[in-house]
Amino acid sequence: MFDMMDYHKKLRESRITLVYSGPLWAEGIAGVATTLKRRLEYDNLPLETSQEVFSVFVEQMNNMLMYSAEKAQFEADALHSEAPKGTFVMGVRDDHYFIQTGNVMANHTVDFVKEKIDYINTLDRKELRKYYKQQRLENDNPDSKGAGLGLIEIARRINGKMDCTFTPYEEGYTFFTLFVTVGGEEE
């Protein structure tokens with residue numbers, strides 16, 4: 001049997017305040033977003049910090065929604081459907097919120113994503129603004145379902161750099177994890 005009390009204690013000690021893992025769809029993300037808004041109100045954050053945390057949440061959830069290669073299969077109203085899967089964890093460390101997401105991605109996209117994050121991590125605030133404007137005009141990712149701006153938008157709002165890992169998963173796939181901090185003093 002799963003020891004819920006032990007799990008609760010570990011979450012509290014790690015200062016994890018919000019966890020979601022499973023299928024992703026717009027309505028479900030809206031529910032998690034409402035929960036996050038309430039949590040940020042409860043924490044009584046400055047408006048700017050609250051907006052930054054929420055914006056990073058939206059970008060990371062959208063990235064998982066659009067790019068997760070792992071799909072949950074389900075039946076709804078006698079129709080077969082699928083939804084991308086991912087994991088979202090938020091907590092507090094020192095005076096910063098941390099947000100970590102994870103999802104499965106196809107191996108052929110790993111190098112592109114890693115190079116993009118590595119490049120974005122070299123840019124300062126002014127260079128990020130310039131790169132954002134440039135990417136709005138020209139998208140360099142053939143697999144992109146948007147303008148490729150999500151990672152840039154995240155970088156514009158976080159403290160420090162994006163920390164990512166790529167762990168072999170199943171044949172042809174990799175588990176991608178993105179960790180960022182938001183709020184508090186600049187690192």
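First, a word on scope: everything that follows refers to the structure included in this document. (Residues numbered from 1 in each chain as written. Predicted model: local features only at pLDDT ≥ 70, side-chain atom pairs only at ≥ 80, totals over all residues. Heavy atoms only, no water.)

Let us look at a nonpolar patch on the surface. A surface patch of nonpolar side chains, amounting to about 400 Å² of accessible area, comprises Phe2, Met4, Tyr7 and Val19. Position of Tyr7 among the secondary structure elements: in helix α1 (residues 4-14). (Patch = residues over 30% accessible without salt bridge, like charges linked within 9 Å, V, L, I, M, F, W, Y side chains within 5 Å. Areas by Shrake-Rupley, 256 points an atom, 1.4 Å probe, with all protein chains shown as cover. Salt bridge = Lys/Arg side-chain N within 4 Å of Asp/Glu carboxyl O. Helix = DSSP H or I, 4+ residues; strand = E, 2+ residues; numbered from the N terminus.)

Moving on, we get to the side chain of Gln60. Counting through the fold element by element, Gln60 comes out in helix α3 (residues 47-67). Owing to a relative accessible area of 1%, Gln60 belongs among the buried residues under this scheme. Residues contacting Gln60, with those up to four places away along its chain left out, are Ile99, Thr101, Ile154, Leu178 and Val180. (Buried < 20%, exposed > 50% of the residue type's maximum accessible area, 1.4 Å probe, protein only. Contact = heavy atoms within 4.5 Å.)

Here we come to the nonpolar core. In terms of nonpolar packing, the biggest core is built from 38 residues, with Met162 and Leu178 touching the most fellow members. Residues in contact with Leu178, not counting those within four places in the same chain, are Gln60, Ile99, Gln100, Thr101, Ile117, Leu151, Ile154, Met162, Asp163 and Cys164. (Core = buried A, V, L, I, M, F, W, Y, C linked by side-chain atoms within 4.5 Å.)

By the criterion of burial, strand β6 (residues 173-182) is predominantly enclosed, with eight of the ten residues buried. Inspection of the sheet shows strand β5 (residues 159-168) paired to β6 by seven bridges, in the antiparallel sense. When the bridges of β6 are listed, Pro168 appears paired with Thr174. Here β5 hands over to β6 after four residues, with Gly172 in that stretch at a positive phi of 90 degrees. (Pairing = 2+ DSSP bridges.)

The subject of this paragraph is empty space enclosed by the protein. Per the stated rule, a full pass over the model turns up one cavity of 30 Å³ or more. Put simply, the largest cavity is a space of about 30 Å³. For the lining of the largest cavity, the secondary-structure elements that each account for two or more residues are β1 (16-23) and α2 (26-42). In terms of residue count, the dominant contributor to the lining of the largest cavity is α2 (three residues). Looking at side-chain class alone, the lining of the largest cavity contains seven nonpolar, one polar and no charged residues. (1 Å grid on protein atoms, 1.4 Å probe; cavity = no way out; pocket = protein on both sides within 12 Å on 5 of 7 lines; lining within 4 Å. Points joined across faces, edges and corners; volume = space filled by probe spheres on them. Nonpolar A, V, L, I, M, F, W, Y, C, P; charged D, E, K, R; others polar.)

We now examine the pattern of salt bridges. As enumerated under the stated definition, the model contains seven salt bridges in all. Note that Asp43 is salt-bridged to Arg39, the shortest N-O span being 3.1 Å. Here Glu153 makes a salt bridge to Arg157, at a shortest N to O gap of 2.7 Å. In this pair, Glu153 and Arg157 both sit in helix α6 (residues 150-157), four residues apart, roughly one turn of the helix. Salt bridges sharing common partners tie together Glu153, Arg156 and Arg157.

Attention now goes to unusual backbone geometry. Positive phi is not limited to glycine here, since Arg15 has a value of about 60 degrees. For Arg15, the location among the structural elements is in the loop between α1 and β1. In this model, Asn44 sits at a positive phi of 55 degrees, which is unusual for a non-glycine residue. Assignment of secondary structure puts Asn44 in the loop between α2 and α3.

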